[in-house]
Every structure is written in structure tokens, then in C-alpha cells.
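# Observations on the three-dimensional arrangement
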Amino acid sequence: MNRVMLFGQRFHKDDLMLPTEEYYRRRQKSGGTGRWLLFIVVVLAVVIAAIGAEVSAQALVSENDTATAEPVTLDDVQAGDLLFTGAEPGRYVPAVHLHSRVKMVVRGLVAEVQLQQAFQNTSDSWQEAVYALPLPEQAAVAGLEIQLGERRIVGKVRERKQAAKIYKAARAAGKRAALLEQQRPNLFTNKVANIAPGETVQVNIRYLQPVTYDSGVFSLRLPTTLTPRYIPGEPIPSQALGGTELELATQSSGWALPTDQVPDAEAVTPLMQPAAELEAVGSHNIAIEVELESGLPLVKIGSPYHDIAIDEKAGERYSIRLRKGRAKMDRDFLLNWQPEPSAMPRAALFSEHVSERVAGVQADGRESADKKSGTYLQLMLLPPDEGTRAQRLPREVVYVIDTSGSMGGNSIRQAKESLTLALSRLDGNDRFNVIEFNNSPRAFFPRPLAASAENIQRARREVERLNADGGTEMAAALRLALGQQLPDNNNLVHQVVFITDGAVGNEQALFELIHQHLGDARLFTVGIGSAPNSHFMRKAAQFGRGSFVTIGDLSEVRRRMQTLFAKLENPMATDLQLSWPEGVVADAYPKRIPDLYRGEPLQLVARVEGESLQGDIQLHGRMAGKQFVRNLALTLEQAPSSKGIGSLWARNKMESLRDRQTQLGEESDAGQAMRAQILQLALDHQLASPYTSFVAVEEELVRKPEEKLSQSALSNMVPRGQVLQRQAYPSTATGVYAQLFAALSLLSLAALLRRGRSMRANMMGAIRRLLRKVVPDLRRCNSGLEVQLGSTPQ
């Protein structure tokens, strides 16, 4: 039977060269070996690449931070950046270099800070430098000037849009100009226009800062860089932006576009650059000098993140400087000083009398009557801590840990160590839960569980497996944490401990959320990293009626967490009220005195009026079920004078108005009324605020109209110990371990598919064998001619 039929054309079977089974077997054997070799090579490549990436990340966070810094590429920058080609292909350097010098004078509880920033144009064209300037979250920015040799151009405070208009006109006209705008209380934008080729323009910024006192230690913090903020929300289409917003978005130096949750995203997202790259070109270094007049005998002065040299002078005065002269701007500078135990203060009073006539400015630019002169006070009172031991109440604690991409590197290790330590402090009568969050929150348990040894061990195992990747969707995590309280369970003390770097751009919305959903819980924040968002840490704890601590290094975890435990586990001073002597009218801030945790004093600034400013100031309160009263004599003649208290008072009053505005809504009628109060207060005291900016303009024309002006956005240095994530933290951002897991998953899928192909081949082979039994094999079938000739095939 000859059944060879191909498209109607007949072939003799001898003309066909069909592959034999041996051919298929050898082909399958050789091909299988090749595929397996390819599979092994791919696996090895993925593993080696992942190990290499991890080594790079570890090297980046290491102390020297040199060899593995990633270059800046053209894909990493946006419009407005001017970069020069570096010595190596693919590497670029910024056109404008930055050098900073800080001089602090600390008297009493106020630090007056002079920040000098020199912008050096290394290019051959005229430049406008744009720099995101981090400052302390409680700084009262009171001065701006441009210094050109011996000449100084003093800046003035104007309404924000008016100041921007003045600066823009000066820039276009070819005049030197500087503009300082507040984006957040701890983040400003500093612009300097018309820097000539090869020229260095120095901008001087002056601000006042309160000294912090907690648990027997005074401290002062100076941020030098920032952790990039995560921008939640959907981007706003450009056609939906108004004229001003569209101009800001298109001319911005930030990497993010406005979103429905962060409309000013472009102003709070500066580009970041590794320390090694900036250090190689001699940019982004800082010198710090401190004149400390403590007024108390000190037992210790230290800086945990910098090596400092201390010179002791007469009269309990100290000169402090960086031992090596300069340091990289990659971490906060923190200075601590501790009085001798016998000299520990229980109360302190400082005053400032402003008598000179200072003309303010109205919102329309006209001069106003002097509203700055007066008498200002700054006082500190500590509640009693003797005999305040009380029975420990059972607690229900929800720990929230940030595992977003910005926590990569040392930060996630500090956070995990802190959380593990906190779990070990739970008592058998306590209840707890743990929530981790990045793109979305995940609770370890559906509801808080009893703090049994077994449950704590389960939580610890989960904590060990945590990694940092993804976005920082903090709102969902806060809602989940504050919703964990069981209704009508009043036998437990409800606490939420939030461990994060606070790197978000929607702080104000989060404060509103905390205010609305707090209930009877108390929120404590733990700031993690070399440059945490201290504004978020402090205000979140304030709205949450809690407290906060910061941890900048792994070696600090145990000591700083012990400070937090002391606040969590000891009775606090509540129902606090301050009474002033009869006849004294005081406008004091904070308006509502918060509860004070162990080691915390009442720190307050006030403007006082009255014919006789003397008598006793009394602090009434309750601690561990007992009433207490603390007295402080108001004797202005004996109170040490301290410069800058008036500016701090105005800064605190603006913050109080801003808090009420947050609760009522900024766009409401009441919110707009508070906006007008904040604006006028800032103009009267010549301070930067959300609604005012500093602007300085030199009248001389220095750039000709035909000479082009380029904008150069200065990058900020990547904080020490953090893994650089270019541009942003998109919600799809993944860490190296997640990438490795994804790669292995894909390879596993490929192996499964290959296994499926093998199964398919076996099935097809079985079908072929079955068909051979049913259908005659042509290769074994004699042709009709052979049958006729009686021959057989050879």
C-alpha cells in the first residue's frame, strides 16, 4: 500500500529521506545538554549579578563610600540641569559647586546660627543656582543677604508671590538676586541668579533655633542633607494646572510632577547624588563652629556623628569645631551637652526686651506700625519626678515599621533592631501587633494578640524576614494602626509606635489623618537614619499626643530606645496649666500645654505686658494620681538676657495658627483668616513662612541681555548609610533581594515550562508509537514493484 500523497504530487518512498529514531534521539540528547548548559549559565549570571549589586549597595553605605558610587548619567537628570562631562565616559559633574560654613552661638536656650553658602560657577556661561536647603524644623529664618567681596545686599521679607515676582524680574534684567522660599518648615529652596562664569557668590542666611532639653541632656541638631520624599497620588495633568503651578512644574529642579496629594511635589524633590561623586569635585562640604555659653558646669560635650575638637574657656564657655575642619554634607550634625548632676536645672527663665522701632511691612508692600517691640520670655520648667512610681498598667501596643525603599541600607537594620528590642519589653499582660508597610500595609496578625512568648517569637521571625523596597504609602498604614483598638476596651493603655524615616511629601494630610483617627491612643515616632524628616517626627507625635526619638546610627539603638521605653512605661504629667502673676498679660506658646513624658520639661515662649512684671509663675498638674505645683519667680532684672526670643515667639505663634488651620482646613473661611494672621505676623517680624519669602536684589546690571542664562540645579548628597535610588521611589521600586526573587521565580517558571515541553514530547512519542501500530510504516513497506519482482529491500 503506497500512501505517499503530498499535495497531489506522488513521490516514491525511496526518494524520501525521513529522519530515523536515532537521529531524533541524538538531537534530543545534544540539544538537552545545550539547554541545560544555557540554564546553568543564566542562573549563575543572575546570582553573580545579584551578589554584585548587593556588594555595591553595601559598599555604598560603607564608611568610605568611594569605589562603587554610581555615575550620573543623562537618564538621571531632568530639564534645567547643567552637567559637565567628567574624566570617565558616562560620568558628569555639576556646573555649580557648593561650600558651606556654619557659625552657631548658643546662649541659654537659644542658638543664633549664621549659615554661609558659597555658590561657585565652574562653567563658561552665566548660571542660576537652585538648591534645596534643609534647616531645623523649628528654625525661625530671620535674615538673608548676598555677599560680594565687601559688598552686602540685604534681603527683605515680602509676600511669597510678590517676592517671586521681584526675583524673576531681577533675573531677567541681568541683576544678581537671591530668593529663599519655605517649602516645608524644615525644607527651603534657595535660588541665586546671574552668577558670572568663574565667579563665587556667597549667600548668608541667619536663623534662630531653640535648644532641646530631654532626660538631662541639652542638644542641638543641624541637618546638612535630606532623605528624598516619596510622592503619593496621581500626577495632575498639565492642562489642569493653573498658570503659576504650571510654571513651577515646567521650570522646577525637582524630579517629581505635582500629584493630587502633593501639589508642590516638584519643589520638595531635589535630585540626589552619591557622596563620592560630589566629594571628587570638591563640592558639598561644610565647616561648623559653635560658641557654647552653657551657664552651667558641664560633665560632657559630644557629637555622635562627627569628630569634634573642644576648647574650654573661662566662664563655662566652650569653642567647638570639626576636628578635621570640614566634613561631607551627608548627615545631621548633632551636639549634646550634659550638666553636672548637682547643676541639673529644674527651672530656667530668659528674657529679651525689644525697644528699637522696627517698621513692619503690610501684605500690599506698605510700611506698617511697629508691632515687634515688647518684652519676650522663654522659660523651662520640669515637673517633679520624685515618688512618681505607679503600678504598671497593661498596654496594647501596635508597632508600625516602614519597609519602603528609602529605608534601604543601614536604616532598615536600625528599624528591625529597634522593633526587636521593643518586642522584648512587652509584659505578659500586654497585647500587641506589628504592621509593616511600603506600597501597602500588612499586619502580622488580624488583631492584637496577647504578648505570650510564642506570639512574640512568631513576630520576631517575621521581623527578621523584612526587607526595604517599594513606596511609602503611610496613610493606609496609619489608618490600619489606629483602627486596631478594640471598642469599649478601656482597661488597656493604647499606644502606637511608628518607626520610619518620615520621607513623605504629604505630611499635612497625614497630620489631619492622625487628628481625626487617633481616638484614645497615643502615637510615638522613632526617626530612623542619618537625615530623617524631623518635621514629620515632631508634629506627628504632637498631633498623636505622644513623643519622639531619633536614631542616626546602629550603635544608638539600645540607648535611644531605652529613652523611649522610659516615656512609654512611666507615668506622665497631665492636666498641665500655667498661671501668671496678677496684672501680667501673657500671650504664650504652645497655647495648649501638652502632656509631659518622663524627662521632658515644659518649654514655652511668651510676650508679656503689664505695669509690674514680677511675681510667681506657677505650673499646676497631675502625675501618678497626685497634684503638683511648680513655682518660678518672674524677676526680669535677674533673668539673663537672650537675643532672638522675640523671633522664636513669632515663629511659635505662626506654628500654632498653622496647626489650627490644619484642623479647620486651609481653604475654609477660618483657614483663610488664619492665613492672613500668619502673613502679617511674618511681615511684622521679618520671618520666612509658608506665605512669605526673603528676596535680595542688587541694583547693578551684571549680565547683558544677549548673554544666555542657564539654570543649574544642585543635587543634595545621599545621606550616609542609605542606598541611592535614582530620582524617586516609584511604587514599583524593588530591592536587590526582591529582584533576585523575581529572577529565580522566572527561571523556575522557565524550568516548569521546559518540563512541560518534555511531557509534551513524551506524549507525542506515545501517540506516534500508537499510530505505528495502526498505520503501516512506509519505510518498512515494500513497493508494489518489489512485490511483483519478488525482491526485498536491502
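Quick notes on the rules
Residues numbered from 1 in each chain as written. Predicted model: local features only at pLDDT ≥ 70, side-chain atom pairs only at ≥ 80, totals over all residues. Heavy atoms only, no water. Helix = DSSP H or I, 4+ residues; strand = E, 2+ residues; numbered from the N terminus. Buried < 20%, exposed > 50% of the residue type's maximum accessible area, 1.4 Å probe, protein only. Areas by Shrake-Rupley, 256 points an atom, 1.4 Å probe, with all protein chains shown as cover. Axes fitted to C-alpha atoms, helices over the stretch in contact; angles between N-to-C directions. Parallel < 35°, antiparallel > 145°, perpendicular 65-115°, else oblique. Contact = heavy atoms within 4.5 Å. Nonpolar A, V, L, I, M, F, W, Y, C, P; charged D, E, K, R; others polar. Pairing = 2+ DSSP bridges. Phe/Tyr/Trp six-rings, centres within 6.5 Å; stacked < 30°, edge-to-face > 60°. Core = buried A, V, L, I, M, F, W, Y, C linked by side-chain atoms within 4.5 Å. Expected span 1.5 Å × (residues − 1). Salt bridge = Lys/Arg side-chain N within 4 Å of Asp/Glu carboxyl O. Right-handed = clockwise from strand over helix to strand, strands pointing away. Left-handed = near helix turned anticlockwise from the far one by under 90°. Polar contact = N/O pair within 3.5 Å; in protein donor to acceptor, adjacent residues only side chain to side chain.

- If you check an unreviewed UniProt entry, the protein chain appears there as Marine proteobacterial sortase target protein from Microbulbifer variabilis.

## Some remarks on the overall build of the protein chain
- Of the regular secondary structure elements, the protein chain holds 14 helices and 39 strands.
- Counting only residues that meet the buried cut, the protein chain has 50% of its 794 residues in that class.
- Looking at the protein chain as shown, the accessible area adds up to about 37,500 Å², and 53% of this sits on carbon and sulfur atoms.

## Digging into the packing of helix 7 (residues 474-482) against helix 8 (residues 507-517)
- Packing of helix 7 against helix 8 brings their axes to within 10 Å, and their N-to-C directions diverge by 10°. Put simply, helix 7 runs roughly parallel to helix 8. Touching Met474, Ala475, Leu478, Arg479 and Leu482 of helix 7 are Leu510, Leu513, Ile514 and His517, all from helix 8.
- Partitioned by chemical class, the residues of the contact of helix 7 with helix 8 number seven nonpolar, one polar and one charged.

## Some details on the sheet that holds strand 5 (residues 126-134)
- Within the open sheet, the six strands sit side by side as 8-37-9-10-5-38. Their pairing is mixed. In this open sheet, the two strands that pair with only one neighbour each are strand 8 (156-159) and strand 38 (709-713). On average, each strand axis in the sheet is inclined to that of its neighbour by 25°, with strand direction left out of account.
- Relative to strand 37 (residues 692-701), strand 9 (residues 175-184) runs antiparallel, the two being bridged by six bridges. Note on strand 37: the bridge partner recorded for Ala177 is Val697.
- On the sheet, helix 12 (residues 669-685) packs against strand 8 and strand 37 and is oriented at approximately 160° with respect to strand 8.

## Some words on the side chain of Asn186
- Mapped onto the secondary structure, Asn186 falls in the loop between strand 9 and strand 10 (187-195).
- For Asn186, the contacting residues outside a window of four places in its chain are Leu133, Pro134, Leu135, Pro136, Glu137, Arg229, Asn533, Ser534 and His535.

## Considerations on the pairing of strand 15 (residues 285-293)
- Across nine bridges, strand 3 (residues 96-107) lies against strand 15 in parallel orientation. Paired with Val106 across the strands is Leu292, a residue of strand 15.
- In this structure, strand 15 lies alongside strand 19 (residues 327-328), joined through two bridges in antiparallel fashion. Bridge pairing in strand 19 links Asn285 to Lys328.
- Pairing analysis gives five bridges linking strand 15 to strand 18 (residues 317-322), with the strands arranged antiparallel. The residue bridging Leu292 from the neighbouring strand is Tyr318, located in strand 18.

## Some thoughts on the environment of Val290
- Its place among the elements puts Val290 in strand 15.
- The exposure class assigned to Val290 is buried, which follows from its relative accessible area of 1%.
- Excluding residues that lie within four positions of it along the chain, Val290 makes contacts with Met104, Val106, Tyr318, Ser319, Ile320, Phe333 and Leu335.

## Here we look at the packing of aromatic side chains
- Counted by the stated rule, this structure contains nine aromatic pairs.
- Judged by centre distance (4.5 Å) and plane angle (50°), the rings of Tyr213 and Phe218 are tilted.
- Each ring, one from Phe218 and one from Trp337, has its centre 6.0 Å from the other, and the planes form 15°; the classification is stacked. Taken together, the residues span a long stretch of sequence, with Phe218 in strand 13 (residues 217-222) and Trp337 in strand 20 (residues 333-339) at a distance of 119 residues. Each member of the pair, Phe218 together with Trp337, is buried.
- The rings of Tyr213, Phe218 and Trp337 are connected pair by pair, giving a single aromatic cluster.

## Here's the deal with the nonpolar core
- In terms of nonpolar packing, the biggest core is built from 80 residues, with Phe119, Val141 and Trp337 touching the most fellow members.
- Setting aside its immediate chain neighbours within four residues, Val141 contacts Leu135, Leu180, Phe188, Ile205, Arg206, Tyr207, Gln686, Leu687, Ala688 and Phe694.
- If you look at the next biggest cluster of nonpolar residues, it comprises 35 residues, including Ile412, Phe445, Phe524 and Val526.

## With respect to unusual backbone geometry
- For the bond running from Tyr589 to Pro590, omega is 10°, close enough to zero to count as cis.
- Here Gln686, not a glycine, exhibits a phi torsion of approximately 55°, which is positive.
- For Gln686, the location among the structural elements is in the loop between helix 12 and strand 37.

## Observations concerning the sheet that holds strand 36 (residues 626-635)
- Pairing within the open sheet is antiparallel, and its three strands lie in the order 32-35-36. The open sheet has two free edges, formed respectively by strand 32 (573-579) and strand 36, since each of these has just one partner strand. Taken over all neighbouring pairs, the strand axes of this sheet differ in orientation by 20° on average, direction set aside.
- With ten bridges connecting them, strand 35 (residues 614-623) and strand 36 associate as antiparallel partners. Considered in strand 36, the bridge of Gly621 is made with Phe628.

## A short note on helix 11 (residues 645-664)
- A rise of 1.5 Å per residue sets the reference length of helix 11, with its 20 residues, at 28 Å; its end C-alpha atoms lie 29 Å apart and thus fit the reference within 8%.
- Most of helix 11 sits out of view: 14 of its 20 residues are buried.
- Immediately downstream of helix 11, the backbone of Gly665 shows phi near 100°, a positive value.

## With respect to the pattern of salt bridges
- With the rule as written, the count across this model stands at 37 salt bridges.
- Put simply, Arg675 and Glu159 hold a salt bridge, and the shortest N to O gap is 3.7 Å. Of this pair, Arg675 sits in helix 12 while Glu159 sits in strand 8, placing them 516 residues apart in sequence.
- Residue Arg675 is classed as partly exposed on the basis of its relative accessible area, which comes to 24%.
- Overall, the relative accessible area of 15% leaves Glu159 in the buried class.

## So, the pairing of strand 29 (residues 493-500)
- Counting buried residues in strand 29 gives seven out of eight residues, a clear majority hidden from the surface.
- One ladder, built from seven bridges, connects strand 25 (residues 395-402) with strand 29; its direction is parallel. Note that in strand 29 the partner of Val397 across the bridge is Gln495.
- Relative to strand 30 (residues 522-528), strand 29 runs parallel, the two sharing six bridges. Counted as the bridge partner of Gln495 is Arg522 from strand 30.
- Taken together, strand 29, helix 8 and strand 30 form a β-α-β motif whose crossover is right-handed.

## Considering the environment of Ala541
- Its location among the elements puts Ala541 in helix 9 (residues 534-543).
- Between the C-alpha atoms of Ala541 and Phe511, which are 30 residues apart in sequence, the distance is 9.4 Å.
- When residues no more than four places from it in sequence are discounted, the contact partners of Ala541 are Leu523, Thr525, Gly546, Ser547 and Phe548.

## Some remarks on the packing of helix 8 against helix 9
- It is at 9 Å that the axes of helix 8 and helix 9 come closest, and there the two elements cross at 20°. With respect to helix 9, the axis of helix 8 lies roughly parallel. The crossing of helix 8 and helix 9 is right-handed. Counting all contacts with helix 8, which are made through Glu507, Leu510, Phe511, Ile514 and His515, the residues of helix 9 involved are His535, Phe536, Lys539, Ala540 and Phe543.
- Of the residues contributing to the contact of helix 8 with helix 9, the split by class is six nonpolar, two polar and two charged.

## Observations concerning the side chain of Asn433
- Along the chain, Asn433 falls in strand 26 (residues 431-437).
- Here the side chain of Asn433 touches Phe445 through a polar contact of 2.8 Å, landing on its backbone oxygen.
- With residues up to four places along the chain from it excluded, the contact list for Asn433 reads Val397, Val398, Tyr399, Ala443, Phe444, Phe445, Pro446, Arg447, Pro448 and Gln484.

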